[in-house]
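Tertiary structure, described
These are the residues of each chain, in order.
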Amino acid sequence: MEIKEIEKLLIFVNSGMDRPFSQYASYVVAFTAKKIHNIPDVMVYYGPQGVEIAKKGNLAKLACSAEVKELIAGQFKDLNPEALPDDLEQMARFVKDSLGVKIGSCATFHVVSEFATSVEDTTNIEDFIMPVKIPDAVEAALTADKIIYL
C-alpha cells in the first residue's frame, strides 16, 4: 500500500476522560506516525470537548496494563512491552521529548471550562501541553496535510 507523502499530521482529539480509548489511540497514532512512517511534524491537539485531558493529573489516571502493553508491542517489530510507559502521561512525555510530537490544547476552552483564568494561564495544565490560541489552532488545521479525528 502506497501512502501519500505527509509532512504535517494533526491528531484532533475532541473527547475527554469519558472516552479513554480515544486518548490511548491518539498517542499510539502519534508514535506510529513518527517512528514508523517518519512524518516530520505531528501534533496531538485537544479540541473544545477534549481540554479536560490537559488538566494536571488526568493523563496519569489512564493506566497502561501489562496486557495492553503486550497487545500494542506485539504489533510492532522490535518493540518490547516493558519499554512502554505505565500511563498516558508518561507516554505523552515520551512522544514529546523523544520523538518531537507537539501536544497542544485549546486555550480558550481552558478558560471556558474554568481551570484557567486566561489563555496564557498554564497553572492547571500539564507542563508539556502548550495552550493554543484560536488563530494558531486554525492555522494548524489549515496547513495540515492530514487530520485524524478521535
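Here's what I pulled together on the structure shown here. (Residues numbered from 1 in each chain as written. Predicted model: local features only at pLDDT ≥ 70, side-chain atom pairs only at ≥ 80, totals over all residues. Heavy atoms only, no water.)

Any two side chains of opposite charge can pair, so long as their charged atoms come close to each other. Following the criterion strictly, the structure yields 6 salt bridges and no others. For E120, the salt bridge is made with K133, and the minimal N-O distance between the two is 3.0 Å. Taken together, the residues span a long stretch of sequence, with E120 in the loop between α4 (107-112) and β4 (130-132) and K133 in the loop between β4 and α5 (134-143) at a distance of 13 residues. (Salt bridge = Lys/Arg side-chain N within 4 Å of Asp/Glu carboxyl O. Helix = DSSP H or I, 4+ residues; strand = E, 2+ residues; numbered from the N terminus.)

Let's shift gears to the packing of helix α1 (residues 20-35) against helix α3 (residues 88-97). Two numbers describe how α1 lies on α3: the axes approach to 10 Å, and their chain directions differ by 25 degrees. Relative to α3, the element α1 is oriented roughly parallel. Seen from above, α1 lies across α3 with left-handed handedness. Contacts between α1 and α3 pair Q23, Y24, Y27 and F31 from the former with L88, M91, A92, F94 and V95 from the latter. A breakdown of the residues in the contact of α1 with α3 according to their chemical character gives 8 nonpolar, 1 polar and no charged. (Axes fitted to C-alpha atoms, helices over the stretch in contact; angles between N-to-C directions. Parallel < 35°, antiparallel > 145°, perpendicular 65-115°, else oblique. Left-handed = near helix turned anticlockwise from the far one by under 90°. Contact = heavy atoms within 4.5 Å. Nonpolar A, V, L, I, M, F, W, Y, C, P; charged D, E, K, R; others polar.)

What follows deals with the environment of A73. Within the element layout of this structure, A73 appears in helix α2 (residues 66-73). Residue A73 is classed as buried on the basis of its relative accessible area of 4%. In this structure the C-alpha to C-alpha distance between A73 and M17, which are 56 residues apart in sequence, comes to 24 Å. Once residues within four sequence positions are removed from consideration, A73 is found in contact with L79, N80, P81 and L84. (Buried < 20%, exposed > 50% of the residue type's maximum accessible area, 1.4 Å probe, protein only.)

If you walk across this open sheet you meet the 5 strands as β4-β3-β2-β1-β5, and the pairing is parallel. Looking at which strands have only one partner, the edges of the open sheet turn out to be β4 and β5 (146-149). Each strand of the sheet is rotated relative to its neighbour by a mean of 30 degrees, with strand direction disregarded. Pairing analysis gives 4 bridges linking strand β1 (residues 8-13) to β5, with the strands arranged parallel. What sits directly across from I11, in β5, is I148. In this fold α5 packs onto β1, β2 (41-46), β4 and β5, with an angle of close to 125 degrees to the strand it touches most, β1. (Pairing = 2+ DSSP bridges.)

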